[in-house]
Amino acid sequence: MKQRSLSAALVLLAGVVRLTAQDHSGQYPAADIATGSRVYYASCAPCHGPTGTSVGGIDLRRGRLPRAPTDDALAALVASGISGTGMPPFRLSSDEMRGLIAFVRAGLGADPNAPPVKLGNAVRGRAIFEGSGKCLECHRVGTAGSRSGPDLTDVGAARTPAALLRSLVDPTAGMRPINRPVRAVTRDGAVITGRRLNEDTYSVQIVTSEGRLVSLVKGELRQWSVSQASPMPSYKDALSAEDLADLLGYLTSLKDGAL
């Protein structure tokens, strides 16, 4: 009963009401994430699965916690329960509570041996994003930027901080398969390159670096291939640790079009 109730608490935290920001401490030590991992897998994973996606389309990795926009609010909710629902209060030790918060905030499935996820100043991060980082040359936020790379308008809701950090420091490892670069050669020898948007058995749709949507029938191509390497540069050495944290802070703030 306790396992199912704690899982129910996390379902309620991941409800459909949307917020424009996720206010939290921004840094989660590896030891806390490891503790939270044990709490989650012991009490929540039997229903939600190891990635938090096994119950009714709920994805606990997305970080949308409308009932608990801050870490303190999340701790209070778990400790007090929600009146009128099936969620009773839970008595977790301070270490267990801190760990569960860290595990949820940093992204379910985060490697407990990985460095802490640190979120910096979102205002400074936006300046880097729009300036020296040259992110708008490939990506789009709202109505600004290019369409050659994935749209980042809602990336803070779609990706966890840990996943975003991985994409910044190791773009190839963090690249989603659907976003892989495609190179196609038509029967008349024309070469078309771009980012894959969709693919089925007979066709593939890509968006070119100019932002043009192209639909290709595979049977009409002389050659086509999908690259495993991301065209995005790594920011691991290009940015200081502080600038990288600021950029990550800005990216995680991009939720539901909040710019």
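Residues numbered from 1 in each chain as written. Predicted model: local features only at pLDDT ≥ 70, side-chain atom pairs only at ≥ 80, totals over all residues. Heavy atoms only, no water.

Peer 1: For unusual backbone geometry, give the residues involved together with the corresponding values.
Peer 2: Positioned with a positive phi, Lys-134 is a non-glycine residue whose angle comes to about 55 degrees. By the element assignment, Lys-134 lies in the loop between α6 (122-130) and β3 (140-141). (Helix = DSSP H or I, 4+ residues; strand = E, 2+ residues; numbered from the N terminus.)

Peer 1: Break down the pairing of strand β5 (residues 181-186) for me, citing the residues and quoting the values.
Peer 2: Along β5, 5 of the 6 residues are buried, which leaves the element largely enclosed by surrounding structure. In this structure, β5 lies alongside strand β6 (residues 191-199), joined through 5 bridges in antiparallel fashion. Its bridge partner lying in β6, Val-185 is registered against Val-191. Here β5 hands over to β6 after 4 residues, with Gly-189 in that stretch at a positive phi of 95 degrees. Bridge analysis of β5 against strand β9 (residues 221-226) gives 5 bridges, and the strand direction is antiparallel. Directly across from Thr-186, in β9, lies its bridge partner Leu-221. (Buried < 20%, exposed > 50% of the residue type's maximum accessible area, 1.4 Å probe, protein only. Pairing = 2+ DSSP bridges.)

Peer 1: How would you sum up the environment of Ala-238? Please name residues and give values.
Peer 2: Turning to its location among the elements, Ala-238 is positioned in the loop between β9 and α10 (241-253). Residue classification places Ala-238 among the exposed positions, given a relative accessible area of 57%. For the pair Ala-238 and Val-169, spaced 69 residues apart in sequence, the C-alpha to C-alpha distance is 9.4 Å.

Peer 1: Go over the nonpolar core, please, and point to the residues and values.
Peer 2: Grouped together as the largest cluster of nonpolar side chains are 34 residues, with contacts concentrated most on Phe-129, Leu-168 and Leu-251. Of all the secondary structure elements, the ones that give two or more residues to this core are α2 (30-43), α4 (71-80), α5 (94-106), α6, α8 (161-169) and α10. Apart from the residues within four sequence positions on either side, Leu-168 is in contact with Met-232, Pro-233, Ser-234, Tyr-235, Lys-236, Leu-244, Leu-247, Leu-248 and Leu-251. Of all hydrophobic cores here, the second largest spans 8 residues; its members include Val-182, Ile-192, Val-204 and Leu-221. (Core = buried A, V, L, I, M, F, W, Y, C linked by side-chain atoms within 4.5 Å. Contact = heavy atoms within 4.5 Å.)

Peer 1: Can you tell me about the environment of Ala-76, naming the residues and giving the values?
Peer 2: Positionally, Ala-76 belongs in helix α4. Of the residues examined, Ala-76 reaches a relative accessible area of 42% and is grouped as partly exposed. Note: C-alpha distance between Ala-76 and Met-97 (21 residues apart in sequence) is 9.8 Å.

Peer 1: Lay out the state of the cysteines in plain terms, naming residues and giving numbers.
Peer 2: One pass over the full model with this rule turns up 0 disulfides. There is no disulfide at Cys-135, and the cysteine sulfur nearest it, in Cys-138, is 8.7 Å away. (Disulfide = S-S within 2.5 Å.)

Peer 1: Give a description of the environment of Val-204 that names residues and reports values.
Peer 2: Tracing the backbone shows Val-204 in strand β7 (residues 203-207). Considering only alpha carbons, one finds Val-204 and Ala-184, 20 residues apart in sequence, at a separation of 9.8 Å.

Peer 1: Please provide a residue-by-residue account of the packing of α4 against α5, values included.
Peer 2: Two numbers describe how α4 lies on α5: the axes approach to 10 Å, and their chain directions differ by 120 degrees. Of the possible angle classes, the one that applies to α4 and α5 is oblique. Note that α4 runs across α5; the crossing there is right-handed. Here α4 contributes Asp-71, Leu-74, Ala-75, Val-78 and Ala-79 to the contact with α5, which in turn contributes Met-97, Ile-101 and Arg-105. Taken together, the residues that form the contact of α4 with α5 break down as 6 nonpolar, no polar and 2 charged. (Axes fitted to C-alpha atoms, helices over the stretch in contact; angles between N-to-C directions. Parallel < 35°, antiparallel > 145°, perpendicular 65-115°, else oblique. Left-handed = near helix turned anticlockwise from the far one by under 90°. Nonpolar A, V, L, I, M, F, W, Y, C, P; charged D, E, K, R; others polar.)

Peer 1: Can you lay out α6 for me, pointing to particular residues and giving the numbers?
Peer 2: Within α6 the residues assigned to the buried category are Gly-125, Ile-128 and Phe-129. The arc that holds every buried residue of α6, seen down its axis, measures 100 degrees, which confines them to one face. Where the residues of α6 are buried, they touch β3 and α10. Sitting at the amino-terminal end of α6 is Asn-121, which places a side-chain oxygen 2.9 Å from the backbone nitrogen of Val-123. (Arc of directions from axis to C-beta. Polar contact = N/O pair within 3.5 Å; in protein donor to acceptor, adjacent residues only side chain to side chain.)

Peer 1: Account for the sheet that holds β9, with residues named and values stated.
Peer 2: Pairing is antiparallel across the open sheet formed by 5 strands, whose spatial order is β8-β7-β6-β5-β9. Edge positions in the sheet fall to β8 (213-217) and β9, since each has one partner strand and no second. Averaged over all pairs of adjacent strands, the angle between their axes in this sheet comes to 40 degrees, without regard to strand direction.

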